[in-house]
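Structure at a glance
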Amino acid sequence: MSTNLDAIMDIEDVVKHALWRAKRPLSDRMLFLELAIWAYRELCSNHVEEGFRMVKKTPNSINIVTFPDDLEQFVAIGEPVDGKFVPYTRKDDIIITVTGSVTETQDSDDGEGVSINDAQTLGYPGVGGVNTYGYFAVDDENRRVFLNSQTRSEVLLIYKASNILLSGTTYVPKKYVNAIVAWILWQDVVGDDNRINITLQREMAYFRRLDEIKTRSFSLDDLMDEIYSGYTMLPRR
Amino acid sequence: MTKAEICDTIRNIIGWQYDRRQVAAVVSTVYSMYISDAMDRRVKNFEFLSKEYTDQTVSDDDEGDYVTLPAAIVGLPTATDGVVSVRNAGSGDLDYFPMSEKDRMLSEGLDSDTINTFTGYYVVGNKIRLYNHSSSVSTVDLVLAIQFYDFAWTDEVNLPGGRDFNIIDLAINRLLNAPPEPLKTE
């Protein structure tokens, strides 16, 4: 049994904490809740490790994987190889049009769904890395990924979500609460032309809090592991 | 002091020809002003100046659930005026939070509206509208800052700290400028 306080707290408790610290009335709760959600989303999207999700997806009949509704930032798509995730290579010149609207199909005469020719050593297909596992192109407008040349029927999609649960309790690591409160107080005054100095001070306070989080994110061992991961053994002669 | 005692204290000074109800009406105008002043002075325990109404029925109409105000409230510079708090009946739990109607409209459909689990309340006319209210809760307790006139004669009325002399003095000054009225009993 733990002898210390929990390291996580309900996001609604983060809001109460922020209201109390800022000496704001209870009637600001809804606004602070909205800001807290965006503060945590901002942290997870851009600054911290939380929010990464890896899910299995099955491409449809025309080799397209649709983004989940909670995907906020696409990271990678690939497949498992010997217990590790191997990403496909992004090729933005893959044809991402489809034929038909109600029922989508692919017309090979238009290059739709045609496996790209990456085996040649001369000419355009020879440019860039060859990935024997597959390639993909992102269709941002329709929130989906077109796969190409992959052989697996089930792939892995890695993305960033908001980390805010639709139902149930969203728990926030307490180490991020100071940064979340700083972001809330900053955003609360943004747009108020009479408080520009306060806005700048609060913006700086937020980034100071971010630095506190980031300096604690990596250990020296983590950094050395990252460096060594790029090394390979050479044969002795 | 009770409401009756406050009015009679004033009548002892200016004369018993003044009807107690006339005195209460004048005190009510002064009282509201000093209650609002207490809010401006950020009085910590505002419930000391309020009255509790228990087991108030939650009704509903086309716009949602609501509770009818049982008494006239004082207009205060807060989102919910004289509605100090709304609580679960009998438990005293503060699961209801005040909000403005503007907050309710702006948050509709946003992420905060999606994950919010608390019940909000805002005042429209003589109704306390409830937002995100559970249909299983049929009664609530209210704590209201009400008009002096709406206290019962036997209710203890707490006057804002340090302002009781001002309230009585100002009421006396106003009454002395008005002749005593034999008020009709309706």
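A brief structural summary. (Residues numbered from 1 in each chain as written. Chains lettered and ligands numbered in written order. Predicted model: local features only at pLDDT ≥ 70, side-chain atom pairs only at ≥ 80, totals over all residues. Heavy atoms only, no water.)

Quick look at the sheet that holds strand 9 (residues 155-160) of chain A
All names here are of chain A. Stated formally: Only strands joined by at least two bridges in the DSSP assignment are considered to pair. Going along the chain from the N terminus, every DSSP run of H or I of four or more residues is numbered as a helix, and every run of E of two or more is numbered as a strand. For helices, the fitted line uses only the C-alpha atoms of the stretch in contact; every axis is such a line through C-alpha atoms, and the angle between N-to-C directions lies from 0 to 180 degrees.
Here we have 4 strands laid out as an open sheet, ordered 2-9-4-5, and antiparallel in their pairing. The sheet is open, and its two borders are formed by strand 2 (52-57) and strand 5 (84-87), each paired with just one other strand. The sheet shows a mean angle of 40° between the axes of neighbouring strands, direction not considered.

Here's the deal with the sheet that holds strand 3 (residues 64-66) of chain A
All names here are of chain A. Strand order in the open sheet formed by 4 strands is 3-8-7-6, with mixed pairing between adjacent strands. One side of each edge strand has no neighbouring strand; the edge strands of this open sheet are strand 3 and strand 6 (89-90). Where strand 3 lies against strand 8 (residues 144-148), 3 bridges are found, and the strand directions are antiparallel. Pairing of threonine 66 across the sheet is with arginine 144, part of strand 8.

Observations concerning the packing of helix 2 (residues 20-40) of chain B against helix 5 (residues 164-176) of chain B
Residues and elements named next belong to chain B. What counts, and what does not: If an angle is under 35 degrees, it is roughly parallel; if it is over 145, roughly antiparallel; if it lies from 65 to 115, roughly perpendicular; otherwise it is oblique. Crossings are sorted by hand: turned counterclockwise from the far helix by less than a right angle, the near helix makes the crossing left-handed, and turned clockwise it makes it right-handed. The criterion used for residue contact is that any of the two residues' heavy atoms lie within 4.5 Å. Each residue gets one label: Ala, Val, Leu, Ile, Met, Phe, Trp, Tyr, Cys and Pro are nonpolar, Asp, Glu, Lys and Arg are charged, and the others, such as Gly, are polar.
At a minimum axis separation of 9 Å, helix 2 and helix 5 run at an interaxial angle of 130°. When the axis of helix 2 is compared with that of helix 5, the two are oblique. Between helix 2 and helix 5 lies a crossing of right-handed hand. Along its contact with helix 2, which presents Gln22, Val23, Val26, Val27, Thr29, Val30, Met33 and Tyr34, the element helix 5 presents Asn166, Ile167, Leu170, Ala171, Arg174 and Leu175. Grouping the amino acids of the contact of helix 2 with helix 5 by side-chain chemistry returns 10 nonpolar, 3 polar and 1 charged.

Concerning the packing of helix 1 (residues 11-21) of chain A against helix 2 (residues 29-46) of chain A
Residues and elements named next belong to chain A. Here helix 1 crosses helix 2 at 120°, and the two axes come no closer than 9 Å. For the element pair helix 1 / helix 2, the angle class is oblique. As for the relative orientation of helix 1 and helix 2, their crossing is right-handed in sense. Where helix 1 approaches helix 2, its residues Ile11, Glu12, Val15, Ala18 and Leu19 are matched on the opposing element by Arg29, Phe32, Leu33, Ala36 and Ile37. When grouped by side-chain class, the residues that make up the contact of helix 1 with helix 2 number 8 nonpolar, no polar and 2 charged.

Structural notes on the packing of aromatic side chains
Stated precisely, the cut-off is as follows: Think of it this way: a Phe, Tyr or Trp ring, Trp meaning its six-membered ring, pairs with another when their centres are within 6.5 Å, and the plane angle makes it stacked under 30 degrees, edge-to-face over 60, tilted otherwise. For the exposure calls, accessible area comes from a 1.4 Å probe over protein chains only, and a residue counts as buried if that area is under 20% of its type's maximum, exposed if over 50%, partly exposed in between. Think of it as a cone above the ring: NZ of Lys or CZ of Arg counts as a charge over the ring if it is within 6 Å of the ring centre and within 35 degrees of the ring normal.
Applying the stated rule across the entire model yields 8 aromatic pairs over all chains. Ring geometry for tyrosine 206 of chain A and phenylalanine 207 of chain A: centres 5.1 Å apart, planes at 65°, overall edge-to-face. Owing to a relative accessible area of 39%, phenylalanine 207 of chain A belongs among the partly exposed residues under this scheme. The rings of Phe67, Phe74 and Phe136 of chain A are connected pair by pair, giving a single aromatic cluster. Positioned above the aromatic ring of tryptophan 38 of chain A is the side chain of arginine 41 of chain A, whose terminal nitrogen or guanidinium carbon lies 4.4 Å from the ring centre. The side chain of arginine 20 of chain B reaches across the aromatic face of tryptophan 153 of chain B, ending 5.1 Å from its centre.

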